[in-house]
Amino acid sequence: MRGRSRTNWWGVVLEAPDGAALARFYASLFGWPIAKQDADGAAIAVPSTSSYLAFQSAPDYVPPVWPAAEGRQQMMMHIDIAVDDLAAAVADAVGLGAILAGFQPQEDVRVLLDPAGHPFCLYFDHELD
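The following paragraphs examine the structure supplied in this document. Note that this is a predicted model, so its numbers are computed, not measured. (Residues numbered from 1 in each chain as written. Predicted model: local features only at pLDDT ≥ 70, side-chain atom pairs only at ≥ 80, totals over all residues. Heavy atoms only, no water.)

**Some words on the nonpolar core**
For clarity, the threshold we go by: Nonpolar cores are built from buried Ala, Val, Leu, Ile, Met, Phe, Trp, Tyr and Cys residues. Side-chain atoms within 4.5 Å join them into one set. Exposure classes here rest on a 1.4 Å probe applied to the protein chains alone. A residue is buried below 20% of its type maximum, exposed above 50%, and partly exposed in between. Helix and strand assignments come from DSSP, with helices taken as H or I runs of at least 4 residues and strands as E runs of at least 2, each series counted from the N terminus. Only heavy atoms matter for contacts: two residues are in contact if any of them lie within 4.5 Å across the pair.
Judged by nonpolar contacts, the single largest core of 25 residues is most densely connected at Leu-22, Tyr-26, Phe-55, Ile-79, Leu-112, Phe-120 and Leu-122. Listing elements by their share of this core, those giving two or more residues are β1 (10-16), α1 (19-30), β3 (41-45), β4 (51-57), β5 (79-83), α2 (86-96) and β8 (119-124). With five residues, the single largest contributor to this core is α1. With residues near it in sequence (within four places) discarded, Phe-55 still touches Leu-14, Gly-19, Leu-22, Ala-23, Tyr-26, Asp-40, Gly-41, Ala-42 and Ile-44.

**Looking at the sheet that holds β5**
How we decide: For two strands to be treated as a pair, DSSP must find at least two bridges joining them. The convention used is that axes are lines fitted to C-alpha atoms, helices contributing only their stretch in contact, and that angles between N-to-C directions extend from 0 to 180 degrees.
Taken in spatial order, the four strands make up an open sheet running β5-β8-β7-β6, and their pairing is mixed. Each edge of the open sheet carries a strand with a single partner, namely β5 and β6 (99-100). The pairing of β6 with strand β7 (residues 109-113) spans two bridges and is antiparallel. Bridged to Ile-99 within β7 is Leu-113. Along the sheet face, α1 touches β5 and β8 and points at about 25° away from the line of β5. Sitting on the sheet, α2 is in contact with β5, β6, β7 and β8, with an inclination near 155° to β8.

**A word on α1**
Stated formally: Given the number of residues in a helix, its expected span is that number minus one, multiplied by 1.5 Å. Any pair of N or O atoms that falls within 3.5 Å is considered a polar contact. Within protein, one atom must be able to donate a hydrogen and the other to accept it, and sequence-neighbouring residues count only if both atoms are side-chain atoms.
In this model, α1 (12 residues) spans 16 Å end to end at C-alpha, consistent with the 16 Å of a helix rising 1.5 Å per residue. If you check the start of α1, you find a side-chain oxygen 3.2 Å away from the backbone N of Ala-20, and it comes from Asp-18. Where α1 ends, the next residue or the one after it, Gly-31, has phi of about 75°, a positive value.

**Concerning the side chain of Asp-114**
Structurally, the position occupied by Asp-114 is in the loop between β7 and β8. Within the structure, Asp-114 has its side chain in polar contact with the side chain of Tyr-26 (distance 2.8 Å). Separated by 2.8 Å, the side chain of Asp-114 and the backbone nitrogen of Ala-116 make a polar contact. Setting aside chain neighbours within four positions, we find Asp-114 in contact with Leu-22, Phe-25, Tyr-26 and Phe-120.

**Remarks on the side chain of His-118**
Assignment of secondary structure puts His-118 in the loop between β7 and β8. A relative accessible area of 9% means that His-118 is categorised as buried. Separated by 3.2 Å, the side chains of His-118 and Tyr-61 make a polar contact.

**Some remarks on the pairing of β7**
Note: β7 against β8, five bridges, orientation antiparallel. Among the inter-strand pairings, Arg-110 is bridged to a residue of β8, identified as Leu-122. Taking the residues between adjacent antiparallel strands as the criterion, β7 and β8 are bridged by five residues, where Gly-117 takes a positive phi near 95°.

Set out below in structure tokens:
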């Protein structure tokens, strides 16, 4: 693309009531460093890439519902995370502040809600079988 920066940085930004707090949650969940933080939020760097996951503070943020419900805020995207031990990964995420969703559509996937209410999925990595 014309005009791209020489750093090739690109990322995804999630809104939350407190962007910095949500960045700390995901930094702890992934074990990745917080690369930038300011009054509007923070970003965590994906190691050995030019990618980041950022979190922007949005005072009027409305969390999505899971599962989707007509007339309610819809999920725009979610994060999938491959794990080797589903039960241990769920326990770790819950210990960091995630909530296990009541509706679980698959046996080898667990849907959780982060502290701002964004759904994310932990799934057993069958590639390792």
